[in-house]
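# Examination of the molecular architecture
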Amino acid sequence: MKLLNIALMLWFFASPAFAVDVVTEIKESRNYLSAGLEYAQFSLESGSITGSAIRVDFTHYFVNKYSIEMFITSAINASTSSSFTTLGGYFYYTLTGDCCSFNKIISLDGAPIVMESTNKKNSLKVGLGIDQVFLNGSKSVYSISGLGFGTEYDFKMFNKLFKAAGRYSVMSSNNTNIQGLFFSLQMTFGL
């Protein structure tokens, strides 16, 4: 038995040595683009304006819980002869869920052998931001801006990522206070 062990050790150590290169690469998606529809209602002292708009936004996660979102909306129909365009930016804090998608690839000598994907899951966010609204009336354009509070819920449906959001904003222009209420549903894509 000792002779067999010695023979195996000599054979193992006498054979040419070789090395393998094992690399683990993790890619994280922290940027997202969303597109969809938004319903808006502006409450004025003399009445209200309601309408639907197309909304596009870009979200970047700094860390797992903090993100910034920039968006633009443009009315596709309104209750009066006016239309509106909204620009804004919000800072969000994620209360529950994950922020990002991860792809993990393990390679052996340059050839991938294991791939693992973790998709973004449901998450609930709250945030504060600024809304800038341009009300395009029949005689002129009115610019209003103000602070707002928003909440967003990201969820998976039909194997796609969607976002349902709501915002409330108090804006003013020329000593006129205007309240904005916004609801949107969007499809989200990782960049």
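This text goes with the structure placed above it.
Residues numbered from 1 in each chain as written. Predicted model: local features only at pLDDT ≥ 70, side-chain atom pairs only at ≥ 80, totals over all residues. Heavy atoms only, no water.

## Remarks on the overall build of the protein chain
Within the protein chain one finds 1 helix and 11 strands. Along its sequence from the N terminus, the protein chain presents helices and strands in the succession α-β-β-β-β-β-β-β-β-β-β-β. Counting only residues that meet the buried cut, the protein chain has 33% of its 191 residues in that class. Across the protein chain, every contact between residues at least 6 apart in sequence was considered, and the portion connecting residues at least 24 apart equals 58%. Working note: accessible area of the protein chain is about 11,600 Å², and carbon and sulfur atoms make up 65% of it. (Helix = DSSP H or I, 4+ residues; strand = E, 2+ residues; numbered from the N terminus. Buried < 20%, exposed > 50% of the residue type's maximum accessible area, 1.4 Å probe, protein only. Contact = heavy atoms within 4.5 Å. Areas by Shrake-Rupley, 256 points an atom, 1.4 Å probe, with all protein chains shown as cover.)

## Digging into the nonpolar core
As a rule of thumb, nonpolar side chains are buried together in soluble globular proteins. Membership of the largest hydrophobic core is limited to 12 residues, which are Ala40, Phe42, Ile49, Ala53, Ala75, Phe84, Val133, Leu135, Ile144, Met171, Ile178 and Phe182. At the level of secondary structure, the elements contributing two or more residues to this core comprise strand S2 (31–44), strand S3 (47–61), strand S8 (123–136) and strand S11 (176–190). When near neighbours in sequence (up to four residues on either side) are disregarded, alanine 40 contacts Ile49, Thr50, Gly51, Phe84, Leu181 and Phe182. (Core = buried A, V, L, I, M, F, W, Y, C linked by side-chain atoms within 4.5 Å.)

## Some words on the side chain of threonine 73
Mapped onto the fold, threonine 73 is located in strand S4 (residues 66–78). Overall, threonine 73 belongs to the buried group, its relative accessible area being 1%. Other than its neighbours up to four places away in sequence, threonine 73 contacts Glu38, Ala53, Ile54, Arg55, Phe84, Thr85 and Thr86.

## Quick look at the pairing of S3
Both S2 and S3 contribute to a ladder of 14 bridges, which runs antiparallel. The partner of serine 43 across the bridge, within S3, is serine 48. Between S2 and S3, which follow one another and run antiparallel, lie 2 residues. (Pairing = 2+ DSSP bridges.)

## Topic: the pattern of salt bridges
Pairing between side chains becomes possible if they bear opposite charge and their charged atoms approach one another. One pass over the structure, following the stated rule, counts 10 salt bridges. For aspartate 131, the salt bridge is made with arginine 167, and the minimal N-O distance between the two is 3.3 Å. Of the two residues, aspartate 131 is situated in strand S8 and arginine 167 in strand S10 (residues 160–173); the sequence distance between them amounts to 36 residues. Take arginine 167: its relative accessible area is 4%, and that puts it in the buried class. Taking the shortest distance from any N to any O, the salt bridge between glutamate 152 and lysine 163 comes out at 3.8 Å. (Salt bridge = Lys/Arg side-chain N within 4 Å of Asp/Glu carboxyl O.)

## Some remarks on the side chain of glutamate 38
Note that glutamate 38 resides in strand S2. Polar contacts involving the side chain of glutamate 38 include one to the side chain of arginine 167, which spans 2.8 Å. The contact partners of glutamate 38, leaving out residues within four places of it in the chain, are Gly51, Ser52, Ala53, Arg55, Thr73, Arg167, Phe182, Phe183 and Ser184. (Polar contact = N/O pair within 3.5 Å; in protein donor to acceptor, adjacent residues only side chain to side chain.)

## Brief notes about the packing of aromatic side chains
As enumerated under the stated definition, the model contains 8 aromatic pairs in all. Judged by centre distance (5.9 Å) and plane angle (20°), the ring pair of tyrosine 90 and tyrosine 92 falls under stacked. Residues tyrosine 90 and tyrosine 92 agree in their burial class; the two are buried. Ring geometry for phenylalanine 155 versus phenylalanine 162: centroids 6.0 Å apart, planes at 20°, classification stacked. (Phe/Tyr/Trp six-rings, centres within 6.5 Å; stacked < 30°, edge-to-face > 60°.)

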